[in-house]
Amino acid sequence: MISQHVIKTIAKGLAIVSILTGTFALSNINPQVAEAAMAETRTSVNFRVGPSTNYSIIRKLTAGTPIDVISHNSSWSRIKEGSTIGYISSSYITFTSTGLTTGTVNLRKGAGTGYSSLLKIPAGQTVQVLAGPSNSWYKVVFNNLTGYVYKSYLQVTENSAVLETPTANQIVGETQKSYTLTADTPKYMNATDAAARTNSVGTYAAGSYYIYKTSNGMMNVSKTEGQAGAWINPTAPPAVSAPAAPTDPYAGYTKMTWSFTFYTNLASENGGWTTTALGTRLRYGVLASNYWPLRSKVSLPGWGDFTIEDRGGSSFDSKYRMDMLIPRNSGESDYQYKTRVNNMGIKSITGYIKPYK
């Protein structure tokens, strides 16, 4: 029976051969346990959203930029730089080694003890080895910091990462067959509109799509493989959802227009009464009507919210007539109060009513 050690050794060997030859065979490597291979850019190179020069440029990577290679073939490599995943030409990649610190060691700005320490790397930490040893110093990357460590504190091994095998939705030659939208994305009738982000004809919902073709970094995608769809701009921000419709403040109310008159809380004008038909105090916010049920709610924009709590004479038997209680102003005599309210006359007011049930 083959031991686990032998199996791991074979897997490591196959990974290294794949890196050196730029080839992969579709295998059963579990993508859940596959690791990215550490590398750096050989010279400055365009970092693109897809595996072709037709795809738009995310940014330009300078020579010596540390990267993680997720998948790789002889033409293009899917990489991660920082927190961004994209593609660069495979010819611009130099695969690097890893090192394990054998003790606490200074990560210095330069190759020598005369250079200041960026930080101390604890024992047992893995670093990415970019170059060396040169004059007993390795150039390394640790926690996204590039610096130098003394060779006596570093056990260096060859790059032993098992690369993730390209699948149908990663790299096949220079074509990426599927594409995942992580948010609702505007769609367009043509690549020109997609590039300009104008004349959107709707949105594609977040999900998986098939790429039909590309043009100058724009993608034509659809839900059916091999079928043309609409165009999208991979670099465009997600579609902005339409704002939620405002809540109708008058839901359940009926809009109406009434003829309003106005009355006082003087007992002499209310048949000797100083309270409403419900026995409540005469105050602002009280309406009188013989048609609408007592306790019905009325909202009059510009006037306020009211409740029908009172009754009146026969003129208020109509559904279109209302009487509004107007309170006394401070310091007003009965005569002044009565005169002011009577002079308000009759007003046509549009509002909303919710009859009491």
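Residues numbered from 1 in each chain as written. Predicted model: local features only at pLDDT ≥ 70, side-chain atom pairs only at ≥ 80, totals over all residues. Heavy atoms only, no water.

(A) Region of interest: the sheet that holds strand S21 (residues 254–263). Strand order in the closed barrel made by the six strands is S21-S25-S22-S24-S23-S26, with mixed pairing throughout. Strand after strand, the sheet turns through a mean of 45° between neighbouring axes, direction not considered. Strand direction decides the pairing type here: strand S23 (residues 297–300) and strand S24 (residues 304–310), joined by four bridges, are antiparallel. Within the sheet, the bridge partner assigned to Val298 lies in S24 and is Phe306. (Pairing = 2+ DSSP bridges. Helix = DSSP H or I, 4+ residues; strand = E, 2+ residues; numbered from the N terminus. Axes fitted to C-alpha atoms, helices over the stretch in contact; angles between N-to-C directions.)

(B) A look at the nonpolar core. Counting 19 residues, the largest nonpolar core has Trp258, Phe260, Val298 and Met322 as the members making the most contacts within it. Looking at this core element by element, the count peaks at four residues for S21. In terms of nonpolar packing, the next biggest core, distinct from the first, is built from eleven residues, Tyr55, Tyr204, Val221 and Ala230 among them. (Core = buried A, V, L, I, M, F, W, Y, C linked by side-chain atoms within 4.5 Å. Buried < 20%, exposed > 50% of the residue type's maximum accessible area, 1.4 Å probe, protein only.)

(C) Main features of the confidence of the model for the chain. Here the chain averages 80 in pLDDT, and 81% of its residues register 70 or above. A low-confidence stretch, residues 1–35 (pLDDT under 50), is modelled with 36 contacts involving residues beyond four sequence positions or located in other chains. Within the model, pLDDT remains below 50 along residues 160–176, and this stretch shows 61 contacts once partners closer than five positions in the same chain are excluded. (pLDDT = per-residue confidence, 0-100. Contact = heavy atoms within 4.5 Å.)

(D) Up close: the side chain of Asn106. Topologically, Asn106 is positioned in strand S9 (residues 105–108). With relative accessibility at 19%, the residue Asn106 sits in the buried group. One polar contact links Asn106 to Ser117, side chain to side chain, over a distance of 3.2 Å. Contact partners of Asn106, with chain neighbours within four places excluded, come to Ser117, Leu119, Lys120, Tyr148 and Val149. (Polar contact = N/O pair within 3.5 Å; in protein donor to acceptor, adjacent residues only side chain to side chain.)

(E) Quick peek at the sheet that holds strand S20 (residues 230–232). Strand order in the open sheet formed by four strands is S15-S18-S19-S20, with antiparallel pairing between adjacent strands. Edge positions in the sheet fall to strand S15 (178–181) and S20, since each of these pairs with one other strand and no more. Averaged over all pairs of adjacent strands, the angle between their axes in this sheet comes to 50°, without regard to strand direction. The sheet contact formed by strand S18 (residues 207–215) and strand S19 (residues 218–222) spans five bridges and is antiparallel. Bridged to Thr214 within S19 is Met219.

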